[in-house]
Each structure stands twice: as structure tokens, then as C-alpha cells.
Amino acid sequence: MRLSKYFLPTLKENPAEAQIPSHTLMLRAGMIRQSASGIYSWLPLGLRVLRKIEQIVREEQDKAGAQELLMPTIQPADLWIESGRHDAYGPELLRIKDRHSRDLLYGPTNEEMITDIFRNGVKSYKELPSILYHIQWKFRDEVRPRFGVMRGREFLMKDSYSFDLDYEGAKRSYNKMFVAYLRTFARMGLKAIPMRAETGPIGGDLSHEFIVLAETGESQVYCHKDYLTMEIPSDDVSYEDDLEPIFEKWTSLYAATEDKYVKEEADVVGNDLISARGIEVGQTFYFGKKYSEPMNVNVTDKEGKKVALEMGSYGIGVSRLFGAIIEASHDDSGIIWPDSVAPFKVGLINLKSGSDDTDKACDDIYAALINAGVEVLYDDRKERAGVKFNNMDLIGLPWQLVIGPRGLANGVVEIKRRATGEKTEMSIEAAIAKLTA
Ligand code: ATP
Ligand code: MG
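Description of the structure in this document.

Scoring rules and cut-offs
Residues numbered from 1 in each chain as written. Chains lettered and ligands numbered in written order. Predicted model: local features only at pLDDT ≥ 70, side-chain atom pairs only at ≥ 80, totals over all residues. Heavy atoms only, no water. Helix = DSSP H or I, 4+ residues; strand = E, 2+ residues; numbered from the N terminus. Rg over C-alpha atoms; globule rule 2.2 N^0.38 Å. Contact = heavy atoms within 4.5 Å. Areas by Shrake-Rupley, 256 points an atom, 1.4 Å probe, with all protein chains shown as cover. Lys, Arg positive; Asp, Glu negative; His and termini not counted. Charge placed at Lys NZ, Arg CZ, Asp CG, Glu CD. Donors = N, O, S within 2.8 Å, 3.2 Å for Na, K, Ca; no water. Buried < 20%, exposed > 50% of the residue type's maximum accessible area, 1.4 Å probe, protein only. Phe/Tyr/Trp six-rings, centres within 6.5 Å; stacked < 30°, edge-to-face > 60°.

## Thoughts on the overall build of the protein
1) Next: Looking only at helices and strands, the protein has 13 helices and 23 strands in total.
2) Next: Relative to a compact globule of 437 residues, whose C-alpha radius of gyration would be 22 Å, the protein shows 24 Å and is just as compact.
3) Next: Here the analysis covers contacts within the protein between residues at least 6 apart in sequence; of these, 71% occur between residues at least 24 apart.
4) Next: Looking at the protein as shown, the accessible area adds up to about 19500 Å², and 48% of this sits on carbon and sulfur atoms.
5) Next: Side chains of the protein give 56 positive and 67 negative charges; the mean places of these two sets differ by 4 Å.

Quick look at the structure:
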């Protein structure tokens, strides 16, 4: 992509409305714009990152055996009346009437709808276990939308739902999602610590919040210091394996959010405990028959008896992760994207746009990288070098490739790694080889 033609409205100054780095940087880097309180438009550069985060989430769900579907954002109120949550959910639920005065709502989550789909589609225990998920926009009319996409009103969420015949099956599904979550967040360069949690309006018995430690996090959390060095399950571990030992290992030290911690463990503070702020990027719930009993989600078991299913649900805040990644990875100059979610891999900087030599060299390098499948943002604008450097640092692409007349005369270009600031001069061929490797 040529920057001269790219819609990238960057801002020089920190916007007054932003209180935390991710919000400031997302606005400054031209990635989002607020449309209404807690509701954002995703501009081209921001959308590229959102899609990459979404894709990592999707791949890890698929590997765990979950199947993707897509449910609508608007739901009939009837289902929520049936489950008892229409009243219970309170003012966060955006209630809508259509032209025929039928009651609808903008889904804040999809337990009811998936339950309805599942009960109409599955009759026998032989069709279990099953984990279904979708990645869809949600709406919660939060009292205090703030911190940009971290606490929006409209936000993108991945939500999975598991259906099993008995508790043992449900726990296996829970463990699969638990491991998938550890892997998902690690691929984005994040260490998310599973902490025992209250189940809130979703209901149920067993729940973990996956928390990324960051100074700007909204929750006060406590965790054992060993969590910071605990290893993510390697690829050798298959989802067909018994995952209980991994679950045990990851839940054996106490890590908890404030509410749970204060209630249950006020007296076990030791030197090994870290007190920190955290961002909730996902939550897993096992809630047994909470929905399947009132909503009649049954299958016939081996003996031909009808049994209500054991269910769980598993959310990931896809758009919140965008902010969480920036909170975990930025410096005074701007964002530092982990390679896995960067909007482009390389920022190609032409130090003298309009000069035949540098233009020719940049065009050739650009073509070579694009042909090799590398995502490149080429700053071909007629701007001062300082402006170009600052812009590239701000938007945080992992690699910068700098082409100037002086270097070209000596047969070299410069590569800079955004994360470390390390700069290396090398031949054009070597630079292309390094960036396509
Ligand atoms: P919170 O405690 O932060 O309000 P929650 O526990 O109500 O979140 P869940 O029902 O667990 O949220 O939803 C699953 C995930 O969706 C959360 O872990 C979080 O990452 C994300 N999420 C929830 N609410 C918002 C929001 N208002 N804006 C952005 N992401 C959100
Ligand atoms: Mg939660």
C-alpha cells in the first residue's frame, strides 16, 4: 500500500478525550474514530489489526475442535423471557421495538439463541460433545463507556458454547477452551493469567477470567509470581489428550480478582504474591443446566432417557484485545505491534520522494516484497524525513526499511526493528532476503 493513497488520518497531538495510552495511540495512529459514546468506526489501518486478532482467535478455536457459525446481532426478546434473563439483565440490555411492536434486543451475548438453535438441531447423545462459536458484534449499554475500545458499548466478541451429556464431558470441553485461551493470547504476545472469578449474570459454578497485567487495567488482581514464567502448553499437547493436569497446573497457585480474593483468601498473602492491575480479555464459564433446564435442551441418552445438557460458554473480547495489546506494547513514540497482529510487516520509507534514484530503488523493493507476499506500507509522500520517521514509529510496524540517496550511493539501505530500535545497514538484496525470510 502506498501511503500517498492510503486513508490514514493521523493526529499530531494527544486527543483530550483519551486517558490511557491505547486510546490515545489508536486515535493518533488513525485506526479508530468515535461515532457515539462507546461506539467506534474502524478505519483501514485499525481494521487490518482487528481482522488479524480475530483470525488468531478463530484458528485457535478451530484447532480445539470448535465450529464457527454466525448468529445475528438482533435477537427476539421471547428467548430471553424464556430463560428469565430479559428482566434480570437490567439496563445494559438494549431493548428495541420493531414496526409491528415486536420486542427485540441487540445481543449482549448469545446463550439463549445458541441454546434455541441447538435444541432444535440435536436429539441424541451421539451428536455430542459439541462446541459452537461465533465472532460477532455485541452491545451492552455500559454505564461508563471509557478507555476507547477497552470498554465500549458496541464491541466485537468471540463467544463459544459447549454442549455435553454429563459433567465429565463438560469439564473436558472447559479444559479445551482453557488451553485454547492460553495459546490464543500467547500468539498475540500477551501473557493472560487465568483467575478464578464470579460468574455474574451468565450464572454457574466454575469460571475463570483471563487477565493481562497492565498498569491501566480496570481490575485489581492478585497472582502468584510464578505465573509470569509459566509455560504455555506446547504443540505436542493435543486436544485429545487429558488436559486436566494442565488445568490443575494453571489453577494451582492462587490467582484471583479482587472480589473473589478478598472473600476467600484474605489471610494467605505471602511474598510470592503480586498485586497488580489487570485487563480482562476473556472469560470461561461452566454453568451446567442453567439454560438447558428452563429452555428444555435435552437429548436421549444410551438408555433412551431424556437428559438436560451440561453447558458452558467462553468469551473473548476481540476489540478489547486491540487495546490490551497496545497497553502491553508501546513506548513514548507510539505503538510496537507484535509481528502476529501488525497491520503491515514493513514500513518502507523513501527519504527523498521525487528523486529518480530513490523512487526507482523504492519501487523495485516495494514490488519485490509485495511479490513475495510481504505486507508493506510504502511512505512515498513528499514529506520531510522527520515526519516520516515519526509517523512510522507512531503506527508501530515491526520493521522499517529506510532508503536514502546517501545509502544508495554506497549500495546500502537501513533496516530498523521497531521494538528494539536496532538499526542495521545492508545491501538491498540482503534486506529483501531478511524481510521475506
Ligand atoms: P467486564 O467485567 O469487563 O465488564 P464482562 O465480564 O461483563 O466484562 P463477559 O460477559 O465475560 O464480560 O464477556 C466476554 C469478554 O468480552 C470479556 O472478557 C471482555 O474481554 C469483553 N468485553 C466485555 N464487555 C466489554 C466492553 N464493554 N467493551 C469491550 N469488551 C468487552
Ligand atoms: Mg467477564
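## So, the coordination of the magnesium ion (ligand 2)
1) Next: Within the first shell, the magnesium ion (ligand 2) binds the protein through Glu 280 (OE) and Gln 283 (OE1), at distances of 1.9 to 2.1 Å.
2) Next: Residue classification places Glu 280 among the partly exposed residues on the basis of a relative accessible area of 24%.

## A short note on the packing of aromatic side chains
1) Next: Taken as a whole and assessed by the stated rule, the structure comprises 18 aromatic pairs.
2) Next: Centroid distance Phe 185 to Phe 210: 6.0 Å. Interplanar angle 45°. Geometry classified as tilted. Pair noted here: Phe 185 is in helix 6 (residues 167–187) and Phe 210 is in strand 10 (residues 206–213), with a separation of 25 residues, a long-range link. As far as the burial class goes, Phe 185 and Phe 210 line up, both buried.
3) Next: Through a chain of ring-to-ring contacts, the aromatic side chains of Tyr 174, Phe 178, Tyr 181, Phe 185, Phe 210, Phe 247 and Tyr 314 assemble into a single cluster.

Structural measurements only, silent on function.
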